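What follows is the residue order along each chain.
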Amino acid sequence: KERGDYAANFSTIADLIRKFADVKAVQTEQVGASQYARLELQAPGDGEGKGTLVELKGKDGKAMKSIVLGKKQTKKSEGGPFGGGEFPVGRWVRDTASKDTVIVTTEQFADAEPKPENWLEKDFLKVEHVKSIAVTYATNAASGWKVTRETEGAEWKLAGLKPTEQADTNKLSALGSPLSSPSFSDVVADPKADKLGLDKSATLVLETFDGFTYTAKAGTASGDNYPFQITVAANFPKARTPAKDEKPEDKAKLDKDFADAQTKLADKLAADAKVAKWTFLVSKWTLDSVLKSRA
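Please read all numbers here as calculations on a predicted model, not as lab measurements.

Calculation notes
- Residues numbered from 1 in each chain as written.
- Predicted model: local features only at pLDDT ≥ 70, side-chain atom pairs only at ≥ 80, totals over all residues.
- Heavy atoms only, no water.
- Phe/Tyr/Trp six-rings, centres within 6.5 Å; stacked < 30°, edge-to-face > 60°.
- Helix = DSSP H or I, 4+ residues; strand = E, 2+ residues; numbered from the N terminus.
- Buried < 20%, exposed > 50% of the residue type's maximum accessible area, 1.4 Å probe, protein only.
- Pairing = 2+ DSSP bridges.
- Expected span 1.5 Å × (residues − 1).
- Contact = heavy atoms within 4.5 Å.
- Polar contact = N/O pair within 3.5 Å; in protein donor to acceptor, adjacent residues only side chain to side chain.

Topic: the packing of aromatic side chains
- The tally for this structure, following the rule as stated, stands at nine aromatic pairs.
- Centre to centre, the rings of Y6 and F184 are 5.7 Å apart; their planes meet at 85 degrees, and the pair counts as edge-to-face. In this pair, Y6 is assigned in the segment before α1 (10-22) and F184 in strand β9 (residues 184-187), connecting sequence segments 178 residues apart.
- Of the residues examined, Y6 reaches a relative accessible area of 12% and is grouped as buried.
- Since its relative accessible area comes to 6%, F184 is described here as buried.
- Seen from their ring centres, F212 and F236 are 5.2 Å apart, and the 70 degrees between their planes marks the pair as edge-to-face. Taken together, the positions of F212 in strand β11 (residues 212-218) and F236 in the loop between β12 (225-234) and α4 (248-273) put the pair 24 residues apart, joining distant regions of the chain. Considered together, F212 and F236 belong to a single accessibility category, that of buried residues.
- Cluster of aromatic residues (ring-pair linked, three or more members): Y6, F124, F184, W278 and F280.

The following block contains the structure:
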């Protein structure tokens, strides 16, 4: 809910629940409330020595168990090939329903951090079979450009070249296939276009050989990321065009193959369209190869 109801990563959450289900106490101590801070077992908001509060709730929304994850226990390593130092061997844990008993577990619960970005489903959209790339800049129209290619393996051609101009083929080949494997670090919880530079954004339009058009906006870079929004539309052929020498006995199979391919395209369109409602923080390396001026 801290990220506009964007999908959470099921596997990481399931893994955490399994850890709580399987955890064993290797040490049990009688510790009063006055010692909680020392062991970092105070619930958040209870002063110094705060731990991490984890509430496991049932379908009625009520807490089935409330647990405070506290200080980690460490052990010194006596040298070795990689040198000495300390490494974690356990963690103090307090069940809030237990008055004076705390336990030590060997489980570190390293993933149990109150950082919403850690729990997002990072399986992002993938733009495949790109036919053309066009970039426009809201603040400088002359810096915009477009490249096209005749087949997926062909070289990119820069549109509108003047007789006195020559395209830099090294730069063009470096374009590769933008957004073929994009990654994002976070979802912006409360996006404000003017604060993120999305009101004066660079716009990236990718058209694909199979009929998709992706329109992305990149705002002002901050740190290692661009604020990023993307929408998708598609124009698929409604019917298959038979080949001139197509045999009647081949028609049924070719019609079925066409229908199956259309179903896959429709499914991809529906999946990719879901991300349009959110604003992402996308890594700079994902976009830097295309966010260049025409010059």
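Next comes the rest of the account.
A short note on the pairing of strand β7 (residues 145-148)
- Across the two faces of β7 the burial differs, with W145 and V147 buried and K146 and T148 not buried at all.
- Of the pairings in the sheet, the one linking β7 to strand β8 (residues 157-158) comprises two bridges and is antiparallel in character. Note that in β8 the partner of V147 across the bridge is L158.

A closer look at unusual backbone geometry
- Of note in this structure, D5 is not a glycine but carries a positive phi near 65 degrees.
- Summarising the element assignment, D5 is placed in the segment before α1.
- Within the chain, H129 stands out as a residue other than glycine whose phi angle is a positive 60 degrees.
- For H129, the position within the fold is in the loop between β5 (101-105) and β6 (130-137).

What about the environment of A270?
- Relative to the helices and strands, A270 resides in helix α4.
- On the basis of relative accessibility, which here comes to 44%, the residue A270 falls in the partly exposed class.
- When the C-alpha positions of A270 and A233 are compared, they lie 9.8 Å apart, and in sequence the two are 37 residues distant.

Points about α4
- For α4, spanning 26 residues, the distance from its first C-alpha to its last is 38 Å, which sits close to the expected 38 Å at 1.5 Å a residue.
- When α4 is considered as a whole, its buried residues turn out to be Q262, L265, K268 and D272.
- The elements touched by buried residues of α4 are β11 and β12.

Side note on the side chain of D186
- Inspection of the secondary structure assignment puts D186 in strand β9.
- There is a polar contact of 2.8 Å between the side chain of D186 and the side chain of R3.
- Discounting residues that sit within four places of it in the chain, D186 has contacts with R3, E117, L120, F280 and L281.

So, the pairing of β11
- Alternating residues of β11 divide into F212, Y214, A216 and A218, all buried, and T213, T215 and K217, none buried.
- Where strand β10 (residues 202-208) and β11 come together, six bridges link them in antiparallel fashion. Among the inter-strand pairings, L204 is bridged to a residue of β11, identified as A216.
- Counting the residues in the hairpin turn of β10 and β11 gives three residues, including G211, whose phi is positive at 100 degrees.
- Bridge count for β11 against β12 is seven bridges, and the pairing is antiparallel. Within β12, the residue paired with F212 across the bridge is A234.
- Linkage of β11 to β12, two consecutive antiparallel strands, is achieved through a turn of six residues, within which G223 is found at a positive phi near 65 degrees.

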